[in-house]
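In case you want the letters, here they are:
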Amino acid sequence: MSKASSQSIQELLSLGTSLAERGKKQEAEEMFMKVLDSEPDNYHAKQGLESLITMKIPQWHFDMLADTERNNAFEKAIYKAVNEKSIVLDIGTGSGLLAMMAARQGAKSVVACEVNPDIAKVADRVVRANGYQNQIQVHAKHSDSLMKGVDFQEKFDVIVSEILDTGGLGEGVLPSLRYALKHFAKPSATVIPAGIALKAKLIEIPRLHKVNPVNDISGFDLSVFNEFNVSDSYNLVNLNQEEHRGLSDVFPLRAYDFYNIPDEVTFEEPEEEPYTITCTADGLLQGVAFWFDLHMNKEDTLSSGPDGELVHWQQAVYYFEKPPVVKKGEKVTIKALYSDSLIRFRLT
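What counts, and at which threshold
Residues numbered from 1 in each chain as written. Predicted model: local features only at pLDDT ≥ 70, side-chain atom pairs only at ≥ 80, totals over all residues. Heavy atoms only, no water. Core = buried A, V, L, I, M, F, W, Y, C linked by side-chain atoms within 4.5 Å. Buried < 20%, exposed > 50% of the residue type's maximum accessible area, 1.4 Å probe, protein only. Helix = DSSP H or I, 4+ residues; strand = E, 2+ residues; numbered from the N terminus. Contact = heavy atoms within 4.5 Å. Phe/Tyr/Trp six-rings, centres within 6.5 Å; stacked < 30°, edge-to-face > 60°. Pairing = 2+ DSSP bridges. Axes fitted to C-alpha atoms, helices over the stretch in contact; angles between N-to-C directions. Arc of directions from axis to C-beta. Patch = residues over 30% accessible without salt bridge, like charges linked within 9 Å, V, L, I, M, F, W, Y side chains within 5 Å. Areas by Shrake-Rupley, 256 points an atom, 1.4 Å probe, with all protein chains shown as cover. Salt bridge = Lys/Arg side-chain N within 4 Å of Asp/Glu carboxyl O. Expected span 1.5 Å × (residues − 1). Polar contact = N/O pair within 3.5 Å; in protein donor to acceptor, adjacent residues only side chain to side chain.

**A closer look at the nonpolar core**
Among the nonpolar cores identified, the biggest contains 79 residues, and Leu89, Ile136, Phe258 and Phe345 are the most heavily contacted of them. Ranked by residues supplied to this core, first place goes to helix α6 (residues 97-104) with 6 residues. Not counting the four nearest positions on each side in its chain, isoleucine 136 is found in contact with Ala99, Met100, Ala103, Val110, Ala112 and Val127. Counting 13 residues, the second-largest nonpolar core is a separate cluster that includes Leu13, Met31, Val35 and Ala45.

**What to know about the packing of aromatic side chains**
Summed over the entire model, instances satisfying the criterion amount to 10 aromatic pairs. Between tyrosine 318 and phenylalanine 320, the aromatic rings sit 6.0 Å apart at their centres with planes inclined by 65°, giving edge-to-face as the arrangement. Both residues of the pair, tyrosine 318 and phenylalanine 320, count as buried. Of the aromatic side chains, those joined through ring pairs into one cluster are Tyr234, Phe290, Tyr318, Phe320 and Phe345.

**Section: the sheet that holds strand β19 (residues 343-347)**
Across the sheet, which stays open at both edges, the 3 strands sit in the order β12-β18-β19 with antiparallel pairing between neighbours. A strand with exactly one partner marks an edge of an open sheet, and here the two such strands are β12 (271-278) and β19. Put simply, the sheet's adjacent strands are angled 30° from each other on average, direction ignored. Of the pairings in the sheet, the one linking strand β18 (residues 331-338) to β19 comprises 5 bridges and is antiparallel in character. Among the inter-strand pairings, tyrosine 338 is bridged to a residue of β19, identified as isoleucine 343.

**Structural notes on unusual backbone geometry**
Residues isoleucine 192 and proline 193 are joined by a peptide bond in cis, for which omega reads -5°. Looking at the element boundaries, proline 193 is found in the loop between β5 (185-192) and β6 (195-204). At the junction of asparagine 212 and proline 213, the peptide bond is cis and its omega measures out at 5° in the coordinates. Here proline 213 shows up in the loop between α9 (206-209) and β7 (216-217). Despite not being glycine, serine 218 shows a phi value in the positive range, around 55°. Relative to the elements of secondary structure, serine 218 occurs in the loop between β7 and β8 (220-221).

**Description of helix α8 (residues 173-183)**
The periodicity of an α-helix, 3.6 residues per turn, causes residues three or four positions apart to be oriented the same way. Residues of α8 that are buried include every one of Val173, Leu174, Ser176, Leu177 and Ala180, and no others. All buried residues of α8 lie within an arc of 165° about the axis, which places them on one face of the element. Residues of α8 that are buried make contact with β1 (87-91), β4 (156-161), β5 and β11 (251-257).

**Here we look at a nonpolar patch on the surface**
Together, Phe220, Leu222, Phe225 and Phe228 give the surface a local cluster of nonpolar side chains, amounting to about 500 Å² of exposed area. Locating leucine 222 in the fold gives a position in the loop between β8 and β9 (235-237). The partly exposed category is assigned to leucine 222, whose relative accessible area is 37%.

**Some details on the sheet that holds β1**
The strands that make up a sheet pair up through hydrogen bonds in the backbone, lying either parallel or antiparallel. Reading across from one edge, β3-β2-β1-β4-β5 is the order of the 5 strands in this open sheet, with parallel pairing throughout. The outermost strands of the open sheet, each flanked by one partner alone, are β3 (136-139) and β5. Pairs of neighbouring strands in the sheet enclose a mean axial angle of 20°, with direction left out of account. Inspection of the sheet shows strand β2 (residues 109-113) paired to β3 by 4 bridges, in the parallel sense. Paired with cysteine 113 across the bridge in β3 is histidine 139.

**Topic: helix α7 (residues 117-129)**
Its 13 residues give α7 an end-to-end C-alpha distance of 18 Å, which sits within 8% of 18 Å, the value for a rise of 1.5 Å per residue. Among the residues making up α7, those that are buried are Ile119, Ala120, Ala123 and Val127. Axial view of α7: buried residues confined to an arc of 100°, hence all on one face. Projecting away from the buried face of α7 at angles above 90 degrees are the exposed residues Lys121, Arg125 and Ala129. At the N-terminal end of α7, a side-chain oxygen is found 3.0 Å from the backbone nitrogen of aspartate 118, two or three residues along, and the residue is asparagine 116. Of the residues one or two after α7, glycine 131 is the one with positive phi, at around 80°.

**What about the side chain of aspartate 340?**
Checked against the element boundaries, aspartate 340 lands in the loop between β18 and β19. The exposure class assigned to aspartate 340 is buried, which follows from its relative accessible area of 10%. Look past the residues within four positions of aspartate 340 in its chain and what remains in contact with it is Leu169, Leu174, Pro175, Arg178, Asp263, Glu264 and Val265.

**What to know about the environment of proline 187**
For proline 187, the location among the structural elements is in strand β5. For the pair formed by proline 187 and tryptophan 313, sequence separation is 126 residues and the distance between their alpha carbons is 31 Å.

**A look at the pattern of salt bridges**
On inspection of all chains with the given rule, the structure shows 18 salt bridges. For lysine 46, the salt bridge identified is with aspartate 41, shortest N-O distance 3.7 Å. The exposure class assigned to lysine 46 is partly exposed, which follows from its relative accessible area of 37%. A residue is classified by how much of its surface remains accessible, and aspartate 41, at 66% relative accessible area, is exposed. Close ionic contact of lysine 80 with aspartate 300 constitutes a salt bridge, the shortest N to O distance being 3.0 Å. One end of the pair, lysine 80, is in helix α5 (residues 68-81); the other, aspartate 300, is in the loop between β14 (287-295) and β15 (301-303), and 220 residues separate them in sequence. Aspartate 300 sits in the buried class, given a relative accessible area of 16%.

Here's what the structure looks like:
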């Protein structure tokens, strides 16, 4: 290769890297592809493309696929519900795994929705690679955007969804199922999973509380750095790997029946529910840890709690900025604020 062409390769690599850093993923991908057209084994171009793909597809997709208990639970429920006459809707198909489980069980047809267009493209390739392209149609759109007579012909016998975040509601399971049940489902449709029941406990969690929110670190005021933190929300924590102290027994929060989704509750006007909890230890009440029991159907339930079978969801922790001191035997009242997609807490 001439010196001029080598210089051109370097310019393309530099431009691709710069575009990626500025968030212009498509343009960056084009630069790296141009390099690979000339040098198919160029390490830096391959690495650049892999980094872009990682940015497009969050790591939790891989953690989810590695959760064998989760996969087995969905497969068992799908196999109970699906037969050769079943028309199936898979909301948030991701890799296409649940759609293919339905197809393998003999479903007549499966409509799989994935709002992320990059993931939808890969899901379609996965479906084709496994030979289910005649049974499964992948649509790169939100399920609410499906059109009867265009994207599907008959209403659905089975609705499968795995749009649950660590706190249960954060990926939009309630509005998605509410719309699907009203507009797309047959009256006798099976919903998988059938519902969730949220559980919680009060905790002291000193290391992570220190940065939720960020304040004084090593004698410096770093509070401005909170611009990168989502306020009034919860974080994902693996309580089995994080030092913490339970300050109460586990207590129930709300349960949701996915066959009977309640009316919409907005973030701005949440439903408030008080809980009076007896403390089981002395400590600083720094937060509420919560998780869910996942009801696949009437018979099968698994938990995302610290002692549960479902490992990839881990647990949610909502932090109190000014934690009170509590004593063993003391009764503490907290208030949960419920909306369609978020659960928050307040000390009272």
